[in-house]
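What follows is each chain in one-letter form.
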Amino acid sequence: MLSFPDIEPNISAADSCGDSYKMSIKDSTVSTTTDANYKQTRPRTTRMVAVWSFSWVALSDDDFSRITDFFRKVGTFQKFEFRNPANNKVMVVRFSEALTNWQYVHPYGWQGSLKFEEV
């Protein structure tokens, strides 16, 4: 199985890293409201998927190239291993969205965020 490049995300206190180290859980509830305004709910699935967001700032061109090359291999369709820097555990994940909105800030380097969802 492929592994995400060993490029540590920045801590959440770093400038421009407000999205780093965020975690959420997708709800799988299906909900309908009747004509009498009663709400009926049920789980769509028995599993609720966790999503993590991590940010990087001041990446060199080489490190940014390693991330973009890796994304081109796996897209949002292939699973891979990622070491969560918050707890140091290796997770099996996939990208939950495309690689977008990365910016080069001269003279520091590249900055942006990636979202991962558990497989």
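Each remark here, short or long, concerns the structure printed above.
Residues numbered from 1 in each chain as written. Predicted model: local features only at pLDDT ≥ 70, side-chain atom pairs only at ≥ 80, totals over all residues. Heavy atoms only, no water.

A.B. asks: An account of the side chain of S55 is needed here, citing residue identities and associated values.
C.D. replies: With respect to the helices and strands, S55 occurs in strand β4 (residues 50-59). Judged by its relative accessible area of 1%, S55 falls in the buried class. There is a polar contact of 2.5 Å between the side chain of S55 and the side chain of S113. (Helix = DSSP H or I, 4+ residues; strand = E, 2+ residues; numbered from the N terminus. Buried < 20%, exposed > 50% of the residue type's maximum accessible area, 1.4 Å probe, protein only. Polar contact = N/O pair within 3.5 Å; in protein donor to acceptor, adjacent residues only side chain to side chain.)

A.B. asks: Tell me what's going on with a nonpolar patch on the surface, and back it up with residues and numbers.
C.D. replies: Residues M1, V92 and V119 make up a contiguous nonpolar surface patch of about 250 Å² in total accessible area. Position of V92 among the secondary structure elements: in strand β6 (residues 90-95). The class for V92 is partly exposed, based on a relative accessible area of 33%. (Patch = residues over 30% accessible without salt bridge, like charges linked within 9 Å, V, L, I, M, F, W, Y side chains within 5 Å. Areas by Shrake-Rupley, 256 points an atom, 1.4 Å probe, with all protein chains shown as cover. Salt bridge = Lys/Arg side-chain N within 4 Å of Asp/Glu carboxyl O.)

A.B. asks: Give me the lowdown on the environment of D61, citing residues and values where you can.
C.D. replies: By the element assignment, D61 lies in helix α1 (residues 61-74). Apart from residues lying up to four places away in sequence, D61 is in contact with Y104 and W110. Reaching out from D61, the side chain makes a polar contact with the side chain of W110 at a distance of 3.0 Å. (Contact = heavy atoms within 4.5 Å.)

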